Amino acid sequence: MSGFVFSEKPIRIQSGEGISLYAEDGTEYLDFGASYAVAATGHCHPKVVEAVQKQAGELLYVQGSYPVAARTELYEKLATLAPGDVSNVWLCNSGTEANEAAMKFARSATGRSKIVATKRGFHGRTLGALAMTWKQKYKKPFEPLAGGVEFVSYGDAEELADAVDDDTAAVFLEPVQGEGGVHPADTDYLQSAREITEETGAALVFDEIQTGVGRTGTLWACEAAGVTPDILTTAKGIASGLPLGATLCADWIAEECGDHGSTFSGGPVVCAAANATLDIVVEEDLPTHAGDVGAYLAESLETATEERDLPVRDVRGQGLMLGIEVKRGSNRILRDLALSEQILALPAGRSVVRLLPPLIVEQDDADRFVEAFTEVLG
């Protein structure tokens, strides 16, 4: 059953460098998907590769109860970079595990069980995170799932206020919905969510699995709205391709988070990769770069598609997390981009082409994408 979760593409990838992937036959592909935002610093960034090789030569793994320099450094780095006071760090292996931990921590800290999540939201594929995920195609084969989850419309503060009550442990929100079609939340909505949860004693959880580590123009997407959650989860681009997730918590959550653990929590090699990744992101100010290039790309797409009267309904997103809503199937467009133009991108449902290029992408690369995209659509 090897590989049964994924439908394999007709391209066998052999290597990668920067924003490019190379197939076994030598064909170069411009990577505008970054494997769902994972390759944040580009493929095989020299500083990340060097950090991984050095750590692998010293210590591959030791359990989390023994202090290790790479793990301790990452704890401190994330605590320093965390928004507001969300500075207590739990490390794991993926985004869905980070959300599972957030779910457990919120229930333990509040003594409540109800979770409020949003329609179109996606939080992972394990049974707990899946219960907070909206789309039925992900959930139906695996029911019954964890209970106590109520869904509300994304962006509707009044509906959210009606749903959150004295039984609510947490509200889970993506500042920008990714899998759900690339829908950014209004600042007013996120601020309302903060007020609603504070009034009721529920935890506000921001799922920044995809938006975090600079993708949307700030290090964390919530910073642009000036809203600090009680729990923030992140993964994807945090270790440039090595499997790592993190759950960041405020003190009141951490003090009552309950007993939780993971054998592979914070392995030295992945921590070394994450330390190098965060250093690159901060030192090269990649969040600002992502905001600038993302705005340029979005404007260029809007101009080009309008000038050629192409079947595009909307271009939306933040920074280098963009969705192009088209009037015909996104999968056909993605296939033609890959096979005809050697450009890789992603779907977000049947009608949205999702762009999540490495944060090091430049305006020339954006121009190449716009030219190829309009050619395929035209």
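Not measured: the values here are computed from a predicted model.

**Topic: the pattern of salt bridges**
- All told, the structure shown has 13 salt bridges when counted by the stated rule.
- Here K114 and E150 are joined by a salt bridge, their closest N and O atoms 2.9 Å apart. A residue pair is termed long-range when its members are at least 10 positions apart, and K114 in strand β5 (residues 114–118) and E150 in strand β6 (residues 149–152) qualify at 36 residues.
- For K114, a relative accessible area of 14% gives the class buried.
- Across the pair D314 and R316 runs a salt bridge whose closest N-O atoms are separated by 3.1 Å.

**So, the sheet that holds strand β2 (residues 20–23)**
- Sheet architecture is open: 4 strands sit in the order β1-β2-β3-β15, paired in mixed fashion. Two strands bound the open sheet, and with one partner strand each, they are β1 (13–17) and β15 (343–344).
- Strand direction decides the pairing type here: β1 and β2, joined by 4 bridges, are antiparallel. If you follow I13 over to β2, its bridge partner there is A23.

**Structural notes on the environment of K140**
- Here K140 is to be found in the loop between α6 (136–139) and β6.
- The spacing of K140 and L190 is 50 residues in sequence and 30 Å in space, taken between C-alpha atoms.

**With respect to a positive patch on the surface**
- Taken together, the side chains of R125, K135, K137 and R350 make up a positively charged region of the molecular surface.
- Mapped onto the fold, R125 is located in the loop between β5 and α5 (127–131).

**Some thoughts on the sheet that holds strand β17 (residues 352–355)**
- Across the sheet, which stays open at both edges, the 4 strands sit in the order β13-β14-β17-β16 with antiparallel pairing between neighbours. What marks the edges here is a single partner per strand, and that holds for β13 (312–318) and β16 (346–347).
- Set on the sheet, helix α14 (residues 363–377) makes contact with β13, β14 (321–326) and β17; between it and β14 the angle comes to about 15°.

**Things to note about helix α3 (residues 69–81)**
- Helix length check: α3 (13 residues) gives 18 Å between terminal C-alpha atoms against 18 Å at 1.5 Å per residue, within 8%.
- Taken together, the buried positions of α3 are A70, R71, L74, K77, L78 and L81. Looking straight down α3, one finds that the buried residues subtend no more than 125° of arc, so they occupy a single side. Facing away from the buried side of α3, by more than 90 degrees, are the exposed residues A69, E76 and T80.

**Brief notes about a negative patch on the surface**
- Where like charges cluster on the molecular surface, the negative patch consists of E362, D364, D367, E371 and E375.
- Within the secondary structure, E371 is located in helix α14.

**Things to note about helix α8 (residues 187–200)**
- The end-to-end C-alpha distance of α8, which contains 14 residues, comes to 20 Å, matching closely the 20 Å that a straight helix rising 1.5 Å per residue would cover.
- Among the residues making up α8, those that are buried are Y189, L190, A193, R194, I196, T197 and T200.
- Packing partners of the buried residues in α8 comprise β5, α7 (157–163), β7 (168–173), β10 (203–207) and α9 (221–225).
- One or two steps after α8, the chain reaches G201, where phi turns positive at roughly 80°.

**Here's the deal with empty space enclosed by the protein**
- With the rule as written, the count across this model stands at 1 cavity of 30 Å³ or more.
- Put simply, the largest cavity is a space of about 30 Å³.
- Taken together, A37, A40, Q210, G212, V213, R215, K236, G237 and L359 make up the full set of residues lining the largest cavity.
- Among the residues making up the lining of the largest cavity, the classes are represented as 4 nonpolar, 3 polar and 2 charged.

**Focus on the packing of aromatic side chains**
- With the rule as written, the count across this model stands at 6 aromatic pairs.
- Where Y61 meets F264, the ring centres are 5.6 Å apart and the plane angle is 55°; that geometry is what we call tilted. With Y61 in the loop between α2 (46–58) and α3 and F264 in the loop between α10 (251–254) and α11 (268–283), this residue pair connects regions lying 203 residues apart in the sequence.
- For Y61, a relative accessible area of 29% gives the class partly exposed.
- Under the relative-accessibility criterion, F264 is labelled exposed at 54%.
- With centroids separated by 5.2 Å and ring planes inclined at 65°, the aromatic side chains of W134 and F151 adopt a geometry described as edge-to-face. Of the two residues, W134 sits in the loop between α5 and α6 while F151 sits in strand β6, which places them 17 residues apart along the sequence.
- Within the aromatic cluster, the residues linked to one another by ring pairs are F32, F369 and F373.

**Quick word on the side chain of H43**
- With respect to the helices, strands and loops of the structure, H43 is situated in the loop between α1 (34–37) and α2.
- The exposure class of H43 is buried, given its relative accessible area of 14%.
- Only 2.7 Å separates the side chain of H43 from the side chain of D31, close enough to count as a polar contact.
- Those residues in contact with H43 that sit more than four places away from it in its chain are G16, E17, G18, S20, L21 and D31.

**Topic: the packing of α3 against α11**
- Where α3 contacts α11, the axes come no closer than 8 Å and their chain directions differ by 35°. For the crossing formed where α3 meets α11, the hand is left-handed. Residue-level contacts link A70, R71, E73, L74, K77, L78 and L81 of α3 to P268, C271, A272, A274, N275, L278, D279 and V282 of α11.
- Broken down by class, the residue content of the contact of α3 with α11 amounts to 10 nonpolar, 1 polar and 4 charged.

How each quantity is defined
Residues numbered from 1 in each chain as written. Predicted model: local features only at pLDDT ≥ 70, side-chain atom pairs only at ≥ 80, totals over all residues. Heavy atoms only, no water. Salt bridge = Lys/Arg side-chain N within 4 Å of Asp/Glu carboxyl O. Helix = DSSP H or I, 4+ residues; strand = E, 2+ residues; numbered from the N terminus. Buried < 20%, exposed > 50% of the residue type's maximum accessible area, 1.4 Å probe, protein only. Pairing = 2+ DSSP bridges. Patch = residues over 30% accessible without salt bridge, like charges linked within 9 Å, V, L, I, M, F, W, Y side chains within 5 Å. Areas by Shrake-Rupley, 256 points an atom, 1.4 Å probe, with all protein chains shown as cover. Lys, Arg positive; Asp, Glu negative; His and termini not counted. Charge placed at Lys NZ, Arg CZ, Asp CG, Glu CD. Contact = heavy atoms within 4.5 Å. Axes fitted to C-alpha atoms, helices over the stretch in contact; angles between N-to-C directions. Expected span 1.5 Å × (residues − 1). Arc of directions from axis to C-beta. 1 Å grid on protein atoms, 1.4 Å probe; cavity = no way out; pocket = protein on both sides within 12 Å on 5 of 7 lines; lining within 4 Å. Points joined across faces, edges and corners; volume = space filled by probe spheres on them. Nonpolar A, V, L, I, M, F, W, Y, C, P; charged D, E, K, R; others polar. Phe/Tyr/Trp six-rings, centres within 6.5 Å; stacked < 30°, edge-to-face > 60°. Polar contact = N/O pair within 3.5 Å; in protein donor to acceptor, adjacent residues only side chain to side chain. Left-handed = near helix turned anticlockwise from the far one by under 90°.

In short, geometric facts, not functional conclusions.
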